[in-house]
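The primary structure of each chain is shown beneath.
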There are 2 protein chains.
Amino acid sequence: MNLISKLLVFVFCLFACHPQIQTELFNVNDDGQWQKVSTAHRLSQFPKIHADGRVWFQFEAPQTAESVKLHIESTDYEMQKDTSGLWNVIIPGTDPGFQIYNFIVDNVEVMDPGCTPSYVNGYTSVLEYPAPGDEFYIMKDVPHGEVREHWFYSDITESFRRMYVYTPPGYQTDINERYPVLYLQHGGGELENEWTHAGRANIILDNLLAEGKARPMIIVMNLGFATKPGEVRRRSFNDGLPSTFEQMLVGEVIPDIDKFYRTVPDQKNRAMAGLSMGGMQTRMVTLNNLDLFSQIGIFSGGVITPEDVNEADDFKEKFGLLFISCGSEERAEETKANSEALREIGIENHVYISPNTAHEWQTWRRSLNEFLQLVFKNE
Amino acid sequence: MNLISKLLVFVFCLFACHPQIQTELFNVNDDGQWQKVSTAHRLSQFPKIHADGRVWFQFEAPQTAESVKLHIESTDYEMQKDTSGLWNVIIPGTDPGFQIYNFIVDNVEVMDPGCTPSYVNGYTSVLEYPAPGDEFYIMKDVPHGEVREHWFYSDITESFRRMYVYTPPGYQTDINERYPVLYLQHGGGELENEWTHAGRANIILDNLLAEGKARPMIIVMNLGFATKPGEVRRRSFNDGLPSTFEQMLVGEVIPDIDKFYRTVPDQKNRAMAGLSMGGMQTRMVTLNNLDLFSQIGIFSGGVITPEDVNEADDFKEKFGLLFISCGSEERAEETKANSEALREIGIENHVYISPNTAHEWQTWRRSLNEFLQLVFKNE
């Protein structure tokens, strides 16, 4: 949140904490410009966002509650009890995109019962805050692909595993068409469903396809955690040994996908990308398997360095696309410097720095939107 | 819970509330027979179920907490703080299947942060308790169908809507095969995803198909709530007028499904079934549209009466299957009496009473399992 916003919060709090104002705020009918947020579920009316950007949270605490707070963006906001016994707060707004929050009732953290939870190292309440200018992830009346829940038994991990597979519009009708495949990985805090939930990958690609800005493709999203029975998960991504995840992706997932879907099953038409931990996995898996993957996308997950390129087997001849991104509030300068260093050794690459965002979904939605416009276009 | 279980709880509580025992229970290593439940998420170790059926819940409350309770099956269990500050309780077990629960910290209800939440008129913690003898909904190493998230724009409701569509194993490869379609509806407390989450509809049909006990089919699951802009949802299912949901299902969903998927688009190969509110909707939609549907399944959602049959247009000639079910702790006697009354007027029908279950998922999982073995077999 910038300084002006913080000042507005301060002025607003002075105002809102006055009991008279508080009663007027929360017990009168609203002015018709409040709309329920998209992350509120069917039966909930809150949180609401006003046309002017303010967000109204409401919570029904037990009668014995002495204090209720909203915790969002590292800030605690005191909530006010209205005459019907409900606790309320209106804040001036948040950063755009997906924001984690919860309520604190006399020291006890509770999820918002009005919210559809998301998984971020456990389930949490989230607010989808509008982002003018970022309409690329808003659902529009365009042809929609499907997101398929696809189960398989993994002999390597000895477990049933689920992946989500996006198939583009036309997949059902153009039955002689074959498609390139992007393997897209979540970060260390998420599960296999968050790229199509918090990340909106399907909506982003639907919209790009409708505008002719991307090639129709299949996107395969797997759980990034994989262990053999009894194995403790290795956290190092740099020991050079193929992780169980890599063994499973290369040995089981890719053959399954190439058998089950109408893919173009070759290196030129196979991409891997990921965010954070998924970016680190993308780096390791692609460097170890340049005969399988030609297109590489790393979002907020480090970089491929000149040293990596020198150590890899024929990187320059084999790679087709190298895309690296992060938020402007992450390691943007290092990322740009690495890009220059790669160029100096003859490795063309794309860098995208998401303006005014950090290690968060808004960075990764934008990164995917940029990446999808470049991938599978360099033939 | 039966009397013996209740007695066991009582004896157990006498035992567990003794501080010495409590320390031994919660601070020693477990005996290797505790397993994390399937509803606990990736990073959570609790709740755990013992091989003998006991369930161990654990919760990290703030240091200031004076009392923490587990609320499950209408019962509050006091939790005990162990020496590391975590609150614990072990209960003898629950009824089989999907059980709602939460923790109560000094009057404040909180979800279990270790649980994957389900939607039951809002999100809640749930425990999947094993049900020996009910293996039909356990995932097995058989061919798996896919569950597809399918979006469309509804002109009738002026909104984007999502449905989930199950396609059976073989749908991808047997590209000249066409399939009958079951429209399957959730109850008043759920959303369009719960038949494949809490209900396990996809796993149930995968297992039946592997055993040759059901016909391959497509299952279409829509959100049962539909309103036009400005319309307040009508709660009556008996006014005889087609609801907005019915208009949308008949006017938009069925044509979309018959266009998009390889269906057999005729009355003989079209079924509708639903649970609770979805059963009431099934009754209304099928009675109003006997030229579209021949197969009818009503789970815990009332019955089709002899009066309905007399009022409907050529019911006897048009219907193919009438299946009505409920839990033994619901209106089982009335359901059986209605079945007899239908038979007396020449309407063959199937009644299924789920043993020892009430208005709950275990009833509906079993009902679906029975229904799927009968549907589309009367040609």
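Q: How should I be thinking about the overall build of chain A in this particular structure?
A: Of regular secondary structure, chain A possesses 9 helices and 19 strands. By residue count, 56% of the 379 residues in chain A fall in the buried class. Counting only contacts in chain A whose residues sit at least 6 apart along the sequence, the fraction spanning at least 24 positions is 70%. Per element, the accessible surface of chain A, about 16,000 Å² overall, is 51% carbon and sulfur.

Q: Mind showing me how you'd approach the nonpolar core here?
A: Buried together is how nonpolar side chains tend to be arranged in soluble globular proteins. In this structure, F57(A) and F57(B) are the most contacted members of the largest nonpolar core, which totals 118 residues. Excluding its chain neighbours within four sequence positions, the residues that come into contact with F57(B) are F46(B), P47(B), L70(B), I72(B), M79(B), W87(B), N88(B), V89(B), I91(B), Y101(B), F103(B) and L127(B).

Q: I would appreciate a short explanation of the layout of surface pockets in the present structure.
A: A water-sized probe rolled over the atoms picks out the places where empty space is left. Reported here for the second largest pocket is a volume of approximately 730 Å³. Lining the second largest pocket are 28 residues, with F59(A), E60(A), P113(A), G114(A) and E109(B) positioned closest to its centre. Of all the secondary-structure elements, those providing two or more residues to the lining of the second largest pocket are β3 (55-59) of chain A together with β8 (97-105), β9 (108-110) and β11 (123-129) of chain B. Taken together, the residues of the lining of the second largest pocket break down into 15 nonpolar, 10 polar and 3 charged.

Q: In this structure, what is going on with the relation of the copies chain A and chain B? I would like to understand it.
A: Two copies of a chain can be linked by a rotation about an axis combined with a shift along that same axis. You can overlay chain A on chain B at an RMSD of 0.0 Å; the transform is a turn of 180° with a shift of 0.0 Å along its axis. Each copy turns onto its partner about a two-fold axis. For chain A, the minimum C-alpha distance to the rotation axis belongs to R148(A) and amounts to 2.1 Å. Here 100% of the contact residues of chain A are again contact residues in chain B; the copies associate through an equivalent surface.

Q: What's the story with the packing of aromatic side chains in this structure? I'm lost.
A: Aromatic rings in a pair are described by how distant their centres are and how their planes are angled relative to each other. All names here are of chain B. Counting across every chain of the model gives 40 aromatic pairs over all chains. Pairing W34 with W56 gives two aromatic rings, centres 5.2 Å apart and planes at 70°, and the pair type is edge-to-face. Of this pair, W34 sits in strand β1 (residues 34-36) while W56 sits in strand β3 (residues 55-59); the two residues are 22 residues apart in sequence, bridging distant segments of the chain. As far as burial versus exposure is concerned, W34 and W56 are alike and both buried. With a centroid separation of 6.2 Å and an interplanar angle of 80°, the aromatic rings of W195 and F299 are classed as edge-to-face.

Q: I would appreciate a short explanation of the side chain of Q362(A) in the present structure.
A: Residue and element names in this part refer to chain A. Mapping Q362 onto the fold places it in helix α9 (residues 361-372). What makes Q362 buried here is its relative accessible area of 1%. Separated by 3.2 Å, the side chains of Q362 and R365 make a polar contact. Setting aside chain neighbours within four positions, we find Q362 in contact with P96, G97, A131, D134, Y137, S354 and T357.

Q: Just checking my understanding: could you explain the packing of helix α4 (residues 244-260) of chain A against helix α5 (residues 277-288) of chain A for this structure?
A: Working note: a packed helix pair is described by the angle between its axes plus the distance between those axes. Residues and elements named next belong to chain A. Packing of α4 against α5 leaves a shortest axis separation of 11 Å and a crossing angle of 55°. As the angle between them shows, α4 and α5 are arranged oblique. Helix-helix and strand crossings are classified by hand; for α4 and α5 the assignment is right-handed. Where α4 approaches α5, its residues F245, E246, L249 and V250 are matched on the opposing element by Q281, M284, V285 and N288. In terms of residue class, the contact of α4 with α5 is built from 5 nonpolar, 2 polar and 1 charged.

Q: Is there a simple way to think about the environment of N102(A) in this case?
A: Residues and elements named next belong to chain A. Position of N102 relative to the elements: it lies in strand β8 (residues 97-105). On the basis of relative accessibility, which here comes to 13%, the residue N102 falls in the buried class. When the C-alpha positions of N102 and K377 are compared, they lie 43 Å apart, and in sequence the two are 275 residues distant. Other than its neighbours up to four places away in sequence, N102 contacts K69, L70, H71, E109 and V110.

Q: I'm lost on helix α3 (residues 201-210) of chain A in this one. Help?
A: Most of α3(A) sits inside the fold, with 9 of its 10 residues counted as buried. Those residues of α3(A) that fall on the buried side of the exposure criterion are A201(A), N202(A), I203(A), I204(A), L205(A), D206(A), N207(A), L208(A) and L209(A). On the buried face of α3(A), the contacting elements are β12 (146-154), β13 (159-167), β14 (181-185), β15 (218-222) and α9 of chain A together with β12 (146-154) of chain B. Where α3(A) terminates, the next one or two residues include G212(A), which has phi positive at roughly 70°.

Q: Just checking my understanding: could you explain the sheet that holds strand β1 (residues 34-36) of chain A for this structure?
A: Hydrogen bonding along the main chain pairs the strands of a sheet, whether they run parallel or antiparallel. All names here are of chain A. Here 5 strands make up an open sheet; going across it, the order is β1-β2-β3-β7-β6 and the pairing antiparallel. Each edge of the open sheet is held by one strand with a lone partner, namely β1 and β6 (80-81). Pairing between β1 and strand β2 (residues 48-50): 3 bridges, direction antiparallel. Across the sheet, the residue bridging to W34 is H50, located in β2.

Q: I would appreciate a short explanation of the sheet that holds β3(B) in the present structure.
A: All names here are of chain B. The 5 strands lie next to each other as β1-β2-β3-β7-β6, forming an open sheet whose pairing is antiparallel. Because the sheet does not close on itself, it has two edges, and the strands there are β1 and β6 (80-81). As defined by bridge partners, β3 adjoins strand β7 (residues 87-91) across 5 bridges and the pair is classed as antiparallel. Within β7, the position partnered with F59 by the bridge is W87.

Q: I'm lost on the pairing of strand β18 (residues 321-327) of chain A in this one. Help?
A: Residues and elements named next belong to chain A. Burial analysis of β18 places 7 of its 7 residues in the buried class, the great majority of the element. Residues L321, F323, S325 and G327 point to one face of β18 and L322, I324 and C326 to the other, with burial holding for every one of them. Inspection of the sheet shows strand β17 (residues 295-299) paired to β18 by 5 bridges, in the parallel sense. The residue of β18 that forms the bridge with I298 is I324.

Q: Hey, could you run me through a negative patch on the surface in this one?
A: On the surface, E66(A), D106(A), E66(B) and D106(B) cluster together to form a negatively charged patch. Locating D106(B) in the fold gives a position in the loop between β8 and β9.

Q: Any chance you could explain the environment of L322(A) here in plain terms?
A: Residue and element names in this part refer to chain A. Within the element layout of this structure, L322 appears in strand β18. A relative accessible area of 0% means that L322 is categorised as buried. Ignoring sequence-local partners within four residues, the contact set of L322 consists of I296, I304, F315, L342, I347, E348, N349 and H350.

Q: Explain the pairing of strand β4 (residues 68-72) of chain B here, please?
A: Within a regular beta strand, the side chains point alternately toward one face of the sheet and then the other, so they alternate between its two faces. Residues and elements named next belong to chain B. Only one face of β4 is covered, namely the face carrying V68, L70 and I72; the face carrying K69 and H71 is uncovered. Where β4 meets β8, 5 bridges bridge the pair, whose relative direction is antiparallel. By the bridge assignment, H71 is partnered in β8 with N102. The sheet contact formed by β4 and strand β5 (residues 75-78) spans 4 bridges and is antiparallel. The partner of K69 across the bridge, within β5, is E78. Hairpin geometry of β4 and β5 is characterised by an intervening segment of 2 residues between the two adjacent antiparallel strands and by a positive phi of about 50° at E73.

Q: I keep staring at the interface of chain A and chain B and nothing clicks. Help me out?
A: A common way to state how big an interface is: give the accessible area lost once the parts meet. At the interface, 40 residues of chain A touch 40 residues of chain B. If you look at where chain A meets chain B, you find 2 salt bridges. For R148(A), the salt bridge is made with E146(B), and the minimal N-O distance between the two is 2.8 Å. Here the side of chain A that touches chain B takes 7 residues from β12(A), the largest share from any one element. Classifying every residue of the side of chain A that touches chain B gives 21 nonpolar, 12 polar and 7 charged.

Cut-offs used in this document
- Residues numbered from 1 in each chain as written.
- Chains lettered and ligands numbered in written order.
- Predicted model: local features only at pLDDT ≥ 70, side-chain atom pairs only at ≥ 80, totals over all residues.
- Heavy atoms only, no water.
- Helix = DSSP H or I, 4+ residues; strand = E, 2+ residues; numbered from the N terminus.
- Buried < 20%, exposed > 50% of the residue type's maximum accessible area, 1.4 Å probe, protein only.
- Contact = heavy atoms within 4.5 Å.
- Areas by Shrake-Rupley, 256 points an atom, 1.4 Å probe, with all protein chains shown as cover.
- Core = buried A, V, L, I, M, F, W, Y, C linked by side-chain atoms within 4.5 Å.
- 1 Å grid on protein atoms, 1.4 Å probe; cavity = no way out; pocket = protein on both sides within 12 Å on 5 of 7 lines; lining within 4 Å.
- Points joined across faces, edges and corners; volume = space filled by probe spheres on them.
- Nonpolar A, V, L, I, M, F, W, Y, C, P; charged D, E, K, R; others polar.
- Least-squares fit on C-alpha atoms with pLDDT ≥ 70 in both.
- Phe/Tyr/Trp six-rings, centres within 6.5 Å; stacked < 30°, edge-to-face > 60°.
- Polar contact = N/O pair within 3.5 Å; in protein donor to acceptor, adjacent residues only side chain to side chain.
- Axes fitted to C-alpha atoms, helices over the stretch in contact; angles between N-to-C directions.
- Parallel < 35°, antiparallel > 145°, perpendicular 65-115°, else oblique.
- Left-handed = near helix turned anticlockwise from the far one by under 90°.
- Pairing = 2+ DSSP bridges.
- Patch = residues over 30% accessible without salt bridge, like charges linked within 9 Å, V, L, I, M, F, W, Y side chains within 5 Å.
- Salt bridge = Lys/Arg side-chain N within 4 Å of Asp/Glu carboxyl O.
- Lys, Arg positive; Asp, Glu negative; His and termini not counted.
- Charge placed at Lys NZ, Arg CZ, Asp CG, Glu CD.

Interpretation note: all reported values are geometric properties and have no functional meaning in isolation.
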